[in-house]
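Here is how the chains run, residue by residue.
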Amino acid sequence: MLGIEMGWRRLLFANWPVEPEIVERGLPEGLEVDTYDGKAWLSVVPFTNVAVRPRGLPAAVGVSLPELNLRTYVTVPGEDRPAVFFYSLDADGLLSVLGARLAFGLPYYNATIEMAERDGAVRFRSRRAHPGDQPLRFDARYEPTGERLDTGPDSLATFLTERYRFYVGGRDGKIGYANVDHDVWSLYPATVEFGVNESFRANNFAHPDGDPICYYSPGVDIVSSRRKWL
């Protein structure tokens, strides 16, 4: 597979600081925790994918599917390439879930997701439906507030969002990766009301203390490379 193109729309980045060792123990060998002000970060990200299609095909042939993921931030020793590591990705679309598992090795799970926008606020509800796996329910309402953030290169917002590679663990201890190209994020402060959030429990984390730091983005268009191996 040559890679994919799609749009990411109506995203919430809900970010919790945690001690690095909490993240470190769950990473594949060869990846290191990336920290900001001495903290690792766990981020819950609900959004919708639009016009998902193989790279080079027109957007009209693509499919759309909402998604919820839990991720952290990593590097590879000797490489100046900040990246994302996904613990889980729940998406509403069985064929797309199976395709992403096969093509990229990502830990996708089939879910039933409802996503609706009203007066600028997004209501996102997800319930994992993948047979034999940990249940995961999520229910939140989020919306942007205030003016667009003026983020600098050393800001927390840039650290958490401007990432152009993701890593996955593979068989026999291999680490797979794909590069992702997109414009710089447009980010706004966000408010969020959580009804239920089982993202941490389903991935064997205790729920972090305190309130998250939250950003909203209307989205970007992305192009992803095929999966490669380190």
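Residues numbered from 1 in each chain as written. Predicted model: local features only at pLDDT ≥ 70, side-chain atom pairs only at ≥ 80, totals over all residues. Heavy atoms only, no water.

## Re the pattern of salt bridges
So, step 1. Here the structure, examined in full by the defined rule, presents 13 salt bridges.
So, step 2. Among the salt bridges present, the one from glutamate 117 reaches arginine 10, with a minimum N-O distance of 3.5 Å. Pair noted here: glutamate 117 is in strand β6 (residues 108-118) and arginine 10 is in strand β1 (residues 4-18), with a separation of 107 residues, a long-range link.
So, step 3. Salt bridges sharing partners connect three or more residues here, namely Glu114, Arg123, Arg125 and Asp139. (Salt bridge = Lys/Arg side-chain N within 4 Å of Asp/Glu carboxyl O. Helix = DSSP H or I, 4+ residues; strand = E, 2+ residues; numbered from the N terminus.)

## Concerning the side chain of asparagine 15
So, step 1. On the secondary structure map, asparagine 15 appears in strand β1.
So, step 2. Within the structure, asparagine 15 has its side chain in polar contact with the backbone oxygen of phenylalanine 13 (distance 3.2 Å).
So, step 3. Reaching out from asparagine 15, the side chain makes a polar contact with the backbone oxygen of isoleucine 213 at a distance of 2.8 Å.
So, step 4. Setting aside chain neighbours within four positions, we find asparagine 15 in contact with Trp41, Leu42, Ser43, Tyr73, Leu160, Pro212, Ile213 and Tyr215. (Polar contact = N/O pair within 3.5 Å; in protein donor to acceptor, adjacent residues only side chain to side chain. Contact = heavy atoms within 4.5 Å.)

## Regarding the environment of proline 77
So, step 1. In this fold, proline 77 is placed in the loop between β4 (63-75) and β5 (83-91).
So, step 2. Taking the C-alpha atoms as reference, proline 77 lies 29 Å from tyrosine 215; in sequence the two are 138 residues apart.
So, step 3. What proline 77 contacts, discounting residues up to four positions off in sequence, is Gly30 and Glu32.

## Examining the nonpolar core
So, step 1. Counting residues in each nonpolar core, the largest one holds 35 residues, and the members touching the most others are Val23, Leu42, Tyr87 and Tyr167.
So, step 2. The element contributing the most residues to this core is β1, with four residues.
So, step 3. Among residues more than four places away in sequence, those in contact with tyrosine 87 are Val23, Leu27, Leu42, Leu70, Arg71, Thr72, Pro107, Asn203 and Phe205.
So, step 4. Among the nonpolar cores identified, the runner-up in size contains 33 residues, and Leu11, Leu65, Val97 and Val168 belong to it. (Core = buried A, V, L, I, M, F, W, Y, C linked by side-chain atoms within 4.5 Å. Buried < 20%, exposed > 50% of the residue type's maximum accessible area, 1.4 Å probe, protein only.)

## Some words on a nonpolar patch on the surface
So, step 1. A grouping of Leu94, Leu95 and Leu98 is seen on the molecular surface, where their side chains present a nonpolar patch of about 320 Å² in accessible area.
So, step 2. If you trace the backbone, leucine 98 turns up in helix α2 (residues 94-104). (Patch = residues over 30% accessible without salt bridge, like charges linked within 9 Å, V, L, I, M, F, W, Y side chains within 5 Å. Areas by Shrake-Rupley, 256 points an atom, 1.4 Å probe, with all protein chains shown as cover.)

## Some remarks on the side chain of serine 43
So, step 1. Assignment of secondary structure puts serine 43 in strand β3 (residues 40-54).
So, step 2. A polar contact is formed between the side chain of serine 43 and the side chain of tyrosine 73, at a distance of 2.6 Å.
So, step 3. Setting aside chain neighbours within four positions, we find serine 43 in contact with Ala14, Asn15, Asn69, Leu70, Arg71, Tyr73 and Leu160.

## Description of unusual backbone geometry
So, step 1. Despite not being glycine, aspartate 37 has its phi angle at roughly 55 degrees, a positive value.
So, step 2. Locating aspartate 37 in the fold gives a position in the loop between β2 (32-33) and β3.
So, step 3. When its relative accessible area of 71% is taken as the criterion, aspartate 37 is described as exposed.
So, step 4. Although it is not a glycine, asparagine 204 sits at a positive phi angle of roughly 65 degrees.
So, step 5. Residue class for asparagine 204 comes out exposed when judged on its relative accessible area of 64%.

## Observations regarding the environment of glycine 93
So, step 1. Take glycine 93: it is sitting in the loop between β5 and α2.
So, step 2. Between the C-alpha atom of glycine 93 and that of glutamate 19, which follows or precedes it by 74 residues, the distance is 34 Å.
So, step 3. Those residues in contact with glycine 93, other than ones at most four positions away along the chain, are Asn110 and Ala111.

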